[in-house]
Amino acid sequence: MKQFNKTGIALGVMAMMSGTVVYAQTATAPAKTDAPTTEPVAVIVTGQRAALQSAQKIKQNSDEIVDSIVAEDMGKLPDRSVTEVLQRVVGVTIDRTMSKGDPEHFSVEGSGVSIRGLSYVRSELNGRDSFSANGGRSLNFEDVPPELVAGVDIYKNPSAEQVEGAVGGLVNLRTAMPFDYKGFKASVSADRTWSELKKGKTSPSASGLVSNRWKTPLGEIGALLDLAYSESGTRTDAFQVEPYYPLKDAKGNTVYVPKGAQWRTLEFNRKREGAYGALQWKKDDWASSLTYFKSKYEMQWDEQAIFAQSSPYNIKVSPDATFNSKGALQTGTLTDPTDGGINFGDDTRTSNRKSDTTDLSWNLRWRHDNWTVTTDVQHIKATTRSVDSTVATGVTMPKETLDLSGNVPKILFTDADRAYLADPKNYYWAFTMEHLDQSKANETAWRTDAKYDFDNPVLRDFRFGVRLTDRDAVTQNSNPSYNWAAITQPWQVGWDISKLASLGDPRFSGNTNLHSFNNFFNGGVSVPSVVFPNVSLAQGFPGSYAQLHTYHDILCKEQNPTGTCAPWKQATFGADNYAGTNDQSEKTKALYGQLRFGWDNLKYPIDGNIGLRYVKTDSSARGYTVFTSTAPNGGNQVGVPVPNILPFAQVKDYENDYHNFLPSLNLRLKATDTLQFRFAAASALSRPDFTQLQGYTTLSETANTSTNTATGVTTVNSVSLTGTGTGNPLLRPTTSKQLDATMEWYFAPTGSFTATVFNKRLKDIVVNQTYVVQLPDTAGKQHDFTVTGPVNGAKGYARGFELAFQQYFDKLPGVWSGLGVQANFTFVDSKRDLYKPVYQKYCTGGNTADNVNLNLNGCDTNGTTFGDLPLENLSRQTYNLALLYDKGPISARLAYNWRSKALQAVNVNGTQGTDGLDTNPASPTYGQTNVAWGLPTWSDSYGQLDASMFYKFTDKLQLGLEAQNLTDSTYKQLMQQNIGMMGRAWFKTGRRVVAKLSYDF
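Just so it is clear, the structure is predicted and the values come from calculations on it, not from any experiment.

**Comments concerning a nonpolar patch on the surface**
Point 1. A cluster of nonpolar side chains, namely L279, L290, Y292, L360, W362, V377, W446 and L468, defines an oily patch on the protein surface of about 670 Å² accessible area.
Point 2. Taken together, the elements giving at least two residues each to the nonpolar patch come down to strand 16 (286-308) and strand 20 (342-368).
Point 3. When you line up the elements, W362 lands in strand 20.

**Observations concerning the environment of N824**
Point 1. Along the chain, the position of N824 falls in strand 39 (residues 819-834).
Point 2. N824 sits 734 residues away from V90 along the chain, and the two C-alpha atoms are 5.7 Å apart.
Point 3. If near-sequence neighbours (up to four positions away) are discounted, N824 is found in contact with R88, V89, V90, L803, A804, T878, Y879 and N880.
Point 4. In terms of polar contacts, N824 uses its side chain to reach the backbone carbonyl oxygen of R88, at 3.2 Å.

**Describing the packing of aromatic side chains**
Point 1. Using the criterion set out here, one finds 39 aromatic pairs in the structure.
Point 2. Relative to F413, the ring of W263 lies with its centre 5.5 Å away and its plane at 75°, an arrangement referred to as edge-to-face. Residue W263 is found in strand 15 (residues 261-283), and its partner F413 is found in the loop between strand 23 (410-412) and helix 5 (415-422); the two are separated by 150 residues along the sequence.
Point 3. What makes W263 buried here is its relative accessible area of 0%.
Point 4. Relative to Y971, the ring of Y942 lies with its centre 5.3 Å away and its plane at 70°, an arrangement referred to as edge-to-face. Residue Y942 is found in strand 46 (residues 942-952), and its partner Y971 is found in strand 48 (residues 970-977); the two are separated by 29 residues along the sequence. The same class applies to Y942 and to Y971, which are both buried.
Point 5. Lying over the aromatic face of F690, R137 brings its terminal NZ or CZ to 4.3 Å of the ring centre.
Point 6. Just above the ring of F131 sits the side chain of R471; from NZ or CZ to the centre is 3.7 Å.

**Observations regarding the nonpolar core**
Point 1. Ranked by size, the top nonpolar core spans 65 residues in total, and within it F239, Y244, W263 and W429 carry the most contacts.
Point 2. When residues in this core are grouped by element, the largest group, five residues, is from helix 7 (residues 543-559).
Point 3. When near neighbours in sequence (up to four residues on either side) are disregarded, F239 contacts Q262, W263, V408, P409, I411, F520, F521, V525, V527, R984, A985 and W986.
Point 4. With 29 residues, the next largest nonpolar core counts L86, L125, V144 and A278 among its residues.

**Points about the side chain of T734**
Point 1. Within the element layout of this structure, T734 appears in strand 36 (residues 734-748).
Point 2. When its relative accessible area of 3% is taken as the criterion, T734 is described as buried.
Point 3. At a separation of 3.0 Å, a polar atom in the side chain of T734 contacts the main-chain carbonyl oxygen of D764.
Point 4. The contact partners of T734, leaving out residues within four places of it in the chain, are Y120, V167, A684, L685, S686, K763, D764, I765 and V766.

Here is what the cut-offs are and how they apply
Residues numbered from 1 in each chain as written. Predicted model: local features only at pLDDT ≥ 70, side-chain atom pairs only at ≥ 80, totals over all residues. Heavy atoms only, no water. Patch = residues over 30% accessible without salt bridge, like charges linked within 9 Å, V, L, I, M, F, W, Y side chains within 5 Å. Areas by Shrake-Rupley, 256 points an atom, 1.4 Å probe, with all protein chains shown as cover. Salt bridge = Lys/Arg side-chain N within 4 Å of Asp/Glu carboxyl O. Helix = DSSP H or I, 4+ residues; strand = E, 2+ residues; numbered from the N terminus. Contact = heavy atoms within 4.5 Å. Polar contact = N/O pair within 3.5 Å; in protein donor to acceptor, adjacent residues only side chain to side chain. Phe/Tyr/Trp six-rings, centres within 6.5 Å; stacked < 30°, edge-to-face > 60°. Buried < 20%, exposed > 50% of the residue type's maximum accessible area, 1.4 Å probe, protein only. Lys NZ or Arg CZ within 6 Å of the ring centre and 35° of its normal. Core = buried A, V, L, I, M, F, W, Y, C linked by side-chain atoms within 4.5 Å.

Pasting the structure below:
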């Protein structure tokens, strides 16, 4: 590979023209890469067109199937993070929610990355491990300042010399090195971002690079420093519709009606700081480098949201309501006479996260005759800490009029409705909820690679090496993770409290504000003002929480003057919180050998590589096991024997080791100088995330009994031995057998058409199901407990094809010759088959970990199961279209990205409950509303148009404008129900415009 700046592009292109694919930063590149023994003559190549040509050459000359983006290209893309940059690559998609388990919060810049529909993505920095401290194994790409990145390579099928862990693909971020430049190099840039919804508020960014190299008696020395700082301020407005419940209309017909609709707004602010430094040295046969990379990320978001928390079966629909062909509500007015109105919660939520990743790496290379030996040492440290705090008031709305027939729902309000919602006296203090987490992860890695170059017409070189890693990760979550606690709720009145803590009561008034939702949905919709708790209450945890919960205590004492009122309990957090602590360590040992070969004299030359990688993994988890029993033991009892197991709570450590052989083959056939075909076959693995390996297990013994009051004899009818594993420290990796075939036609320096077909057959996919844990009784006899938790419980596949095309129309006359196009399309089909199918037609049980039918298949509010769901986060179709212009001082791009709908998650926040209708005719509770339900949540198809234009006043001074979401697209979420894919949420983020000025010294 090569480095992507003016002289770096030239060096890389020249090296590839000689038949060798190199990194310009040879001292820090992976062992698979070569470097010329003498530096070629530098040829200055500039502009967007040259950047695309460089990326095309990487793909054409690579040993593996790879797509690349170079720095000049990244600078022209209308993207504000590495995550957004990656979505332009064929086969790559990004998530647009902040976390997989919470689809209610939108991520403007994108979040997780999937390759060919799979989230098993390995991340690297200069060919080395890179990760964030979030309980996972990969990097949060949005944490990385794109200003520090010189290029990105996306490998679709691994070779033996690449580090294992990339079933979906490998994303390698590359940074600049001092020897990439001919001599002194310096540049600075600054920009300012304007967000449409924030109405005039802007966010600054700046970056600067300085590099130089010197010849000394000790050899040539180079030094580089790169600094970056950026802020981003965005806002997201959202409408939401609650899941639809089966109700009866005035005529007794079954209709499906949501218990309400709601709106929210979220202000998001982030700061990203990056520092990168590199030292290089070379003399004779020796070369060395030392690099330091630091990325700091701080995120703060504040939300005001109102949401229905009404009793769905008490909802009444107005006589003029209309419904679609399946009985789903289209228009109508909702009321709740039984509860005196529709109960809503309205919260103020604030969340803050600070993360940083530090990478210190040293590389030494020796080249002599036919041998090249490289050794590399890396230490990486990552930390993150978050506090998430919510304080809510509540309001009972007399009615709500809905129009769900259009593209975006309409909530219609009269002047009386608006006045009611603006009056604090109609509100009460509702609940608090806190979440805390912190993580730290460290890894030390060492590798040594050797290469022997053959003097042979067929054999090119043989590469072999060893790699050792030692990694530990500790994640601590509050317990409960999200500690929801009622202050006063309508269901408490009469038995726990005398009344609600109304803001109209002088004892409980104050500390609120009237939020007006200005410019909501970019001015397209007007919603009422709502009374929310002050942000200071959310930020004041835990002191503000303790004060608010005294309101409950006051009312509780009024209800029960002589009774005991349960005090508020803060979630536990810290070293003694065993349930919330995940302590992991892992060591790996890897060996590989890879032979490169080629038959150049054939009519159709063939080259490639074949190799084998062996890796052994030894992991340990410091866990905790708790056993409790409510079953009778001893006394006058008959029936099923009850195992006599003494209750305990103790530390338990787990050891898990496994090894894998990973063969790979990469072949290339050159039909002509411009047309070539590839075939690749490989085995790959992806280890479980550390969150899935937690060793906290709760075991319980219960019994179904009946007692004869006359005789005092207790009959034990059955004994249940069950448990729940927060994780499973004995999980194995998910593995894949994968095939790729490509056709690549390079008809011009920046013109190509490529087509790829792929098939990844997955094994040991991690799902939540059951496994067996044994405990001995007092006599030493082992008893089997059925534990629900993560297991290697499924197989599946992801297969499809990719098409990509790019071309500049050089033969057009005059200024039109600067026009070009880029287009790519990806189709992916997927399937998951459980080793032990759990499908049940009707839903039963509660919303607990052991309800595997609910958690894997999803359940509707009418008590029926969905099943047959695809792999998560996988869109069957994605495409990118870009219109390019590059002529003289002007470079411009108009880029459109689109992906089809994708399953986000099942049974997650906002689309779950325990009041589903039991419709099983054989159930003893048929017709009751006691079934747990959880809907599959989907992201709907989404497209966004972005643009950029840069003008070079001189070779050194450049001004640019970038714009995101020019079409002001609305992102829609769906919820799957038996009446169809229903609209769940609509997110509006508005447009963003960036003005950027850069200067090269």
